[in-house]
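Read off the chains here:
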Amino acid sequence: MSETKKDDLVTLLIDDQEISVPKGTNVIEAAAQLNIEIPHYCYHPKLSAPGNCRMCLVEMGMPMRDRGTGEPIMDDDGKQKIGWMPRPAIACNTAAAPGMQIKTQSPMVKECQEGVMEFLLINHPLDCPICDQAGECRLQEFATDYGRGYSRFVENKNVKPKRTRLGPRVTLDDERCILCSRCIRFCQEIADDDVLGFVDRGSYSTLTCYPGKELANNYSLNTVDICPVGALTSNDFRFKMRVWFLKETPSICTESSVGVNTEVGSREGKIFRITPRRNDEVNDTWMSDSGRELYKQVEAENRLTAYRASGEEASPDEALDSGRALLQRKKTAFVGSGHLSVEEQFLFSKLADLAGAVRTDLVSHIEEGDGLLISADRTPNVRGALLTGLIEELPSQKLSALGEAIDAGEVENLVVYREDLLAAGLTKEQLEKVSILYLGTHQNDTSAIADTILPTLTVFEKSGSFVNQQFRLQRFMPAVPGPQNVGNDLLVLSALINAFPDQEDLSGIDHVWQEMGKNLAVFEDLLFLRIPPEGKLLEVPEKLRDLPYAEGKTLHFYPAAAKAPAG
Amino acid sequence: MATTPQEKRIILKNIDQDGYTRDIDCYLANGGYEVLKQTVTKDPADLCKEIETSGLRGRGGAGFPCGMKWKFLDRKSGKPIYLVCNADESEPGTFKDRQIIHKDPHQLIEGMMCSAFAIQAACAYIYIRGEFPEGAKILEEAIEEARKKNFVGKNICGTKYSCEIYVHRGAGAYICGEETGLIESLEGKRAYPRIKPPFFPAVLGLYQCPTAVNNVETLCNVKHVFDMGGEEYAKIGKPGNTGTRILCVSGHVKKPGYYEFEVGSLTLGQLIYDVCGGLPEGRTLKAVIPGGSSAKVLRADERYTGKTKSGEEFDWSLEDIPLDFDSLMAAGSMAGSGGVIVMDDTTDMVEALGNINAFYAHESCGQCTPCREGSLWMKKITTRMLEGQPRLEDVDLLKSVADQIAGRTICAFGEACAWPTQSFVLKFRDEFIAKAEKQIKESSPSREPALAETE
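Residue indices follow the written sequence of each chain, beginning from 1 at its first position. Both sets of labels track the order of writing: A upward for chains, 1 upward for ligands. The predicted nature of this model means local features are confined to residues of pLDDT at least 70 and side-chain atom pairs, given and counted, to a pLDDT of 80 or more, with totals for whole chains, interfaces and linings taken over all residues. As a convention, hydrogens and water are excluded, and side-chain values are obtained from all of the structure's heavy atoms.

Participant: How would you explain the sheet that holds strand β7 (residues 164-165) of chain A if you had to name every residue and give the values?
Facilitator: All names here are of chain A. Across the sheet, which stays open at both edges, the three strands sit in the order β7-β8-β11 with antiparallel pairing between neighbours. In this open sheet, the two edge strands, each paired with only one partner strand, are β7 and β11 (232-234). Inspection of the sheet shows strand β8 (residues 170-172) paired to β11 by three bridges, in the antiparallel sense. Among the inter-strand pairings, Val170 is bridged to a residue of β11, identified as Ser234. At least two DSSP bridges between two strands are needed for those strands to be called paired. Each helix is a run of DSSP H or I of at least 4 residues and each strand a run of E of at least 2, with the numbering of both proceeding from the N terminus.

Participant: Give a detailed account of the domain arrangement of chain A, specifying residues and quantitative values.
Facilitator: All names here are of chain A. For chain A, the assigned domains read domain 1 (6-105), domain 2 (130-245) and domain 3 (307-545). Domain start and end points were adopted from an automatic or database domain assignment. Centre-to-centre separation of domain 1 and domain 2, based on C-alpha positions: 30 Å. Whether two residues touch is decided by their heavy atoms; if any such pair falls within 4.5 Å, the residues are in contact. Taken together, the contacts link 13 residues of domain 1 with 16 residues of domain 2. Summed over both partners, the accessible area (1.4 Å probe) lost when two parts come together is defined as the buried area. Here domain 1 and domain 2 share an interface that buries about 1200 Å² over both sides, 54% of which is from carbon and sulfur atoms. Among the residues of domain 1 in contact with domain 2, Glu37, Tyr41 and Leu47 are the three that bury the most area, contributing 50% of the side total. Counted as salt bridges are all cases of a side-chain nitrogen of Lys or Arg within 4 Å of a carboxyl oxygen of Asp or Glu. Here domain 1 and domain 2 share zero salt bridges between them.

Participant: Quick rundown of the domain arrangement of chain B? Include the residues and the values.
Facilitator: Residue and element names in this part refer to chain B. The domain architecture assigned to chain B consists of domain 1 (24-235), domain 2 (239-344) and domain 3 (349-438). Put simply, the middle of domain 1 and the middle of domain 3, counted by C-alpha atoms, are 34 Å apart. On the domain 3 side, the residues contacting the 14 residues of domain 1 number 10 residues. If you look at where domain 1 meets domain 3, you find zero salt bridges. What qualifies as a polar contact is a pair of N or O atoms within 3.5 Å, subject to a donor-acceptor requirement within protein and to the restriction that residues adjacent in sequence count only when both atoms come from side chains. In this structure, the connection of domain 1 to domain 3 is made through three residue pairs in polar contact (both at pLDDT 80 or more). When residues are sorted by character, Ala, Val, Leu, Ile, Met, Phe, Trp, Tyr, Cys and Pro go into the nonpolar class, Asp, Glu, Lys and Arg into the charged class, and all the rest, Gly among them, into the polar class. Its residues assigned to classes, the side of domain 1 that touches domain 3 comprises eight nonpolar, two polar and four charged.

Participant: Break down a nonpolar patch on the surface for me, citing the residues and quoting the values.
Facilitator: All names here are of chain B. Side chains of Phe64, Met68 and Phe72 sit close together on the surface and give an oily, nonpolar patch of about 290 Å² of accessible area. Residue position: Phe72 is located in the loop between α4 (66-71) and β1 (82-87). For Phe72, a relative accessible area of 49% corresponds to the partly exposed category. The patches described consist of residues with a relative accessible area above 30% and no salt bridge, like charges being joined within 9 Å and nonpolar side chains (Val, Leu, Ile, Met, Phe, Trp, Tyr) within 5 Å. Reported accessibility uses the Shrake-Rupley method at a 1.4 Å probe radius. Residues are deemed covered only where the shown protein chains occlude them. To sort residues, take the accessible area from a 1.4 Å probe on protein chains only and compare it with the maximum for the residue type: under 20% means buried, over 50% means exposed, and anything in between is partly exposed.

Participant: Please set out helix α10 (residues 400-407) of chain A residue by residue, giving values where relevant.
Facilitator: Residue and element names in this part refer to chain A. The complete set of buried residues in α10 reads Leu402, Gly403, Ala405 and Ile406. Along α10, the residues classed as buried sweep out an arc of 160° about the axis, all on the same side. For α10, the elements touching its buried residues are β17 (332-337), β18 (359-363), β19 (413-417) and α11 (428-432). Looking at the residues trailing α10, positive phi occurs at Gly409, about 80°. Throughout, the arc means that of the directions going from the helix axis to the C-beta atoms.

Participant: Before we move on, could you go through the interface of chain B and chain A and cite the residues and values that matter?
Facilitator: If you look at the interface, chain B gives 35 residues, while chain A gives 38 residues. Among the residues of chain B in contact with chain A, B:Trp377, B:Gln404 and B:Arg408 are the three that bury the most area, contributing 24% of the side total. At the boundary of chain B and chain A, one finds four salt bridges. When the shortest N-O distance is used, the salt bridge between B:Arg384 and A:Glu155 registers 2.8 Å. Where chain B packs against chain A, one counts 25 residue pairs in polar contact (both at pLDDT 80 or more). Those elements giving two or more residues to the side of chain B that touches chain A turn out to be α14 (349-363), α15 (369-386) and α16 (394-403) of chain B. The element contributing the most residues to the side of chain B that touches chain A is α15(B), with 10 residues. Here the side of chain B that touches chain A is composed, by residue class, of 15 nonpolar, 11 polar and nine charged.

Participant: So what about the packing of aromatic side chains? Which residues, and what values?
Facilitator: Residues and elements named next belong to chain B. Any pair of Phe, Tyr and Trp rings, taking the six-membered ring for Trp, is counted once the centres come within 6.5 Å. Such a pair is stacked with planes under 30 degrees apart, edge-to-face with planes over 60 apart, and tilted for the rest. Applying the stated criterion to the full structure yields 26 aromatic pairs over all chains. When the ring of Phe314 is compared with that of Trp316, the centres are 4.0 Å apart and the planes differ by 20°; the resulting orientation is stacked. Take Phe314 and Trp316: they sit in the same class, and that class is buried. Plain terms: the ring middles of Tyr360 and Phe413 are 5.5 Å apart, the flat faces sit at 80° to each other, and that makes the pair edge-to-face.

Participant: Could you give me a rundown of the pattern of salt bridges, with the residues and numbers involved?
Facilitator: Using the criterion set out here, one finds 70 salt bridges over all chains in the structure. Note that A:Lys162 and A:Asp127 form a salt bridge whose closest N and O atoms lie 3.0 Å from each other. Placement of A:Lys162 in the loop between α3 (138-146) and β7 and of A:Asp127 in the loop between α2 (107-122) and α3 is noted, with a sequence separation of 35 residues between them. Assessed through its relative accessible area of 12%, A:Asp127 is described here as buried. Linking B:Arg9 and B:Glu7 is a salt bridge whose minimum nitrogen-to-oxygen distance equals 3.0 Å.

Participant: Before we move on, can you summarise the nonpolar core with the specific residues and values?
Facilitator: A:Leu196, B:Phe424 and B:Phe432 are the most contacted members of the largest nonpolar core, which totals 116 residues. The residues contacting B:Phe424, other than those within four sequence positions of it, are B:Ile289, B:Val297, B:Met343, B:Met349, B:Ala352, B:Leu353, B:Ile356, B:Arg429 and B:Phe432. What is meant by a nonpolar core is a set of buried Ala, Val, Leu, Ile, Met, Phe, Trp, Tyr and Cys residues, joined one to another through side-chain atoms within 4.5 Å. B:Leu73, B:Ile100, B:Leu108 and B:Val222 belong to the second-largest nonpolar core, a separate cluster that totals 63 residues.

Participant: Which residues make up the sheet that holds strand β4 (residues 211-215) of chain B, and what are the values?
Facilitator: All names here are of chain B. With parallel pairing, the four strands of this open sheet are ordered in space as β3-β2-β1-β4. Because the sheet does not close on itself, it has two edges, and the strands there are β3 (165-169) and β4. Between one strand and the next, the sheet's axes are offset by a mean angle of 20°, whatever the strand orientation. Comment: axis = line fitted to C-alpha atoms, over the contacting stretch for helices; angle = value between 0 and 180 degrees taken between N-to-C directions. Sheet strands in contact with helix α6 (residues 105-119) are β1, β2 (123-128), β3 and β4, and its direction is about 150° off that of β1. Docked against the sheet, helix α7 (residues 133-148) engages β2 and β3, running at close to 170° with respect to β3.

Participant: Account for the side chain of B:Glu187, with residues named and values stated.
Facilitator: Residue and element names in this part refer to chain B. Mapped onto the secondary structure, Glu187 falls in the loop between α8 (179-186) and α9 (201-204). Look at Glu187 and you get buried, because its relative accessible area is 18%. In contact with Glu187, not counting residues within four places along its chain, are Arg194, Gly205, Leu206, Tyr207 and Gln208.

Participant: Give me unusual backbone geometry: which residues, what numbers.
Facilitator: With an omega of -5°, the peptide bond running from B:Lys196 to B:Pro197 counts as cis. Its place among the elements puts B:Pro197 in the loop between α8 and α9. In this structure, B:Pro198 follows B:Pro197 across a cis peptide bond, with omega equal to 5°. Secondary-structure assignment places B:Pro198 in the loop between α8 and α9. The backbone of A:Phe471 shows a phi angle near 65°, a positive value even though the residue is not glycine. Within the secondary structure, A:Phe471 is located in the loop between β22 (464-467) and β23 (472-476).

Participant: Can you break down a negative patch on the surface residue by residue, with the values?
Facilitator: Counting rule for charge: Lys and Arg are taken as positive, Asp and Glu as negative, and neither His nor the chain ends is counted. Charge placement uses NZ in Lys and CZ in Arg. For Asp and Glu, CG and CD serve respectively. On the surface, B:Asp43, B:Asp46, B:Glu50 and B:Glu231 cluster together into a negatively charged patch. By the element assignment, B:Asp46 lies in helix α3 (residues 44-54).

Participant: Residue-level account of the pairing of β19(A), with values.
Facilitator: All names here are of chain A. Counting buried positions along β19 yields five of five residues, so the element is predominantly enclosed. By the alternation rule, side chains of β19 split into Asn413, Val415 and Tyr417 and Leu414 and Val416, which are all buried. In this structure, β17 lies alongside β19, joined through four bridges in parallel fashion. Bridge pairing in β19 links Thr332 to Asn413. Note that β19 and strand β20 (residues 435-440) share five bridges and pair parallel. When the bridges of β20 are listed, Tyr417 appears paired with Leu439.

Participant: Before we move on, could you go through the environment of A:Ser257 and cite the residues and values that matter?
Facilitator: All names here are of chain A. Tracing the backbone shows Ser257 in the loop between β12 (247-252) and β13 (261-267). On the basis of relative accessibility, which here comes to 2%, the residue Ser257 falls in the buried class. Spatially, the C-alpha atoms of Ser257 and Phe471 are 9.7 Å apart, while their sequence positions differ by 214 residues. What Ser257 contacts, discounting residues up to four positions off in sequence, is Ser375, Asp377, Thr379, Pro380, Asn468, Gln469 and Glu551.

Participant: Tell me about the layout of surface pockets, and please be specific about residues and values.
Facilitator: Residues and elements named next belong to chain A. Within this model, the second largest pocket holds a volume of roughly 1200 Å³. Grid points spaced at 1 Å and placed over the protein atoms alone form the basis of the search, with a cavity being a set where a 1.4 Å probe fits but cannot get out and a pocket an open set showing protein on both sides within 12 Å along at least five of seven lines. Lining residues have an atom within 4 Å of a point. Forming the boundary of the second largest pocket are 48 residues, of which Glu136, Val224, Asp225, Ile226 and Pro276 lie nearest the centre. Secondary structure elements with two or more residues in the lining of the second largest pocket: α1 (27-33), α3, α5 (221-226), β11, β14 (270-276) and α6 (289-292). If you tally residues by element for the lining of the second largest pocket, the top one is β14, at five residues. Split by residue class, the lining of the second largest pocket holds 21 nonpolar, eight polar and 19 charged. There are two domains that each give the lining of the second largest pocket at least three residues, and those are domain 1 (6-105) and domain 2 (130-245). Grid points are joined across faces, edges and corners, and a volume is the space filled by probe spheres set on the points.

Have a look at this one:
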């Protein structure tokens, strides 16, 4: 972020504490910098501010000036007098102004908050015990913090539909809806799929989809995230787990090179949901629906858990020996993946060097990007493969050169990491000509014919880092333990490396980072645990700057070809 | 129809006169469009000055000075300026604009074209409420007539100025009368009022362009200001309360209807007894809502004391209150839309409030929490009170709910729905309490043993 110039700052007083914020900052955000919470429902930092929930009402005053002359009006102490507005103002849509004063704790503000809380609750069902939002519900939280604690409402509550299907992944409970309109604005402003709206009036207003349409875009589940109450629920997560039991692990989405920051919610070794983690430089507070389903690979039926040697199921030791033996042979080619972490790519590259690889390829997965949070490159870490030296140039779409090398008899052994070579353009005949050592997480046509298999872990079961399209180094942590007997990738790679003489043990991630720091200038002085939560932008080596990367524009990313807007 | 002697008819001059029809020929025969012909030869800036000089205040309800409204129009942006006529007359008790539209549509069109020229509007709209299908048809026909005579459309009266008027029908929502809600509706959206700031119509109005939104009666008045000159116009009425005002009287009077008076020229008592023929036989005056249902109710057996804007002390009975913007405000209510609702001693005030609350609960747009939930809550309370389960604490609860709405919403609907409740329970607290006490007494034989048993 560029540094804000001093004259672009405005200084205001919130609860008698001074704070300077960039021009245009609203009072909620300014107060947040002082650790003062101004409760709000409809306001969301990444959406427009409609100012309709009225929860963020505060008292506002401005320095007084003479109407005629424009001269400041002073009080007896020589300070400029403050003209307090007779009515409360909404903090969300009030921009900080020089000399502005805000009261967030005054009796009037407290009364406003109590009033709005009471109004929000009178027609809200008291079904917290069966509501998925309970535990992360703004209505619960603010009712406790800002409400009166009792109800004066003796009338009948409004009745509305309890189970409306808004789309394939989202279900709506209209009674719980507090009509904040966040979901509507998300669809209009972010997803560009304006399908939601209100029908009917007043307290009977009801959220609905346009007739004949449904909330089916690939970002629909963000509406569930931003819903401050339990009105919108995810069909996948609904009624599965109380949120307070979930362990939240920071992770990175592997769907594409955008590198969406995520949080993996798990309990007792089982993942229940993936939600976006805010990163204003990468994904704001959003993520795709498809990215949220990736946790299903952990317990997928085609998960690779069995070791194999000489084409037969084997013990881990036998499989490892078989792999080590293959690496001693000549005419071996390596095929890596953009799905591997930086650490894995580094070790894989090292392994290829030690084994005297004939060639090293990377399978590319280029599809169309969606312009938002899924880029054209559907792997998270091609940049990492370039930085670690696993590959020298961008991978070509098909592995035809490798195929020709096999046909020409130049390659007799293949070490394949995670990729399916048949899908990548090789033929069955070609693969039958070579011995294959396969490392990976899931079965595919290549693993099916591999002589040796060493199963590895998914992104949810290990630590590591990816370099996204911005050359931002981001790390992920293990959310759940891997399947029984399946080794950590680094452990497996290190064991293979140790088949060669005089090699250190590189199974620990810190050790790998020390080694990378020594060998690669771009990682100098970095350690895994020092990667900040928001990631670290790397200095891009000269030769990697102008490669014809596949990505087009996505949120917060402008390809080198297109000029990034100023600021 | 004979005009009442107290009246001074400017806007209603021709309306209801024998032989006066709404077609353009009749309008022209009565001097119609002469003012427009003169107006288009003048300097628009001077015309806006005339309006300022006239002191003309908006007739929609808020009484905001029209000249000031036009002055705020952002002329520097280079964006087109729009003129919107607010014909969404939906305040209960108000029925003046409909008369103008139905009986003298060309007066409105001439007023609009004069106004459009004065502010150099690129285009003008009439937003007419959905419940006025006939009015919309009449306006369409009248605009077509005027277009044929070159008073509307391209090169008005042979000048370089062109302006089209479009009629847009609402879909039946009270909130469309709120100017920013109206603009949203005109843009084809839900009529959710906009936040001010930044969306002041004069700067970011229709299609984010500067827009003047004026009431039907106000726009008709513009024509007369241009006709007689701002200074002459300002001589009618009282300083700060200039011109005439159409009052719509409904409720318990012998001759309800619409009447036009010099502002402040008569008192509420004169209106009720002299103009409207008094109350039905044997009845006594109980209360008056002087400016449409959202205005605060005034009680008959009460003294109204205080200081006027100009500093004069006053001590009025209800009948003494002069009917102008400032006097009614000083008495604790407002002139509003000019809908005077008269209630005699047969009126059950709880029922009256229940009726008003039902209306506002139905019409709240639902955008802001306090108004959305509060208006329905108040309705539910009054409905329950009327259906036989009033409680002693209801009167305070009603007031408290209303207090939690007013001043805390995006638009003035919050006040509009809170003021009736606030004023009814303030002025007629005794009636609300009595209702509850009566109910408790009547139902006590069955209740008391039950209570005794639990003890």
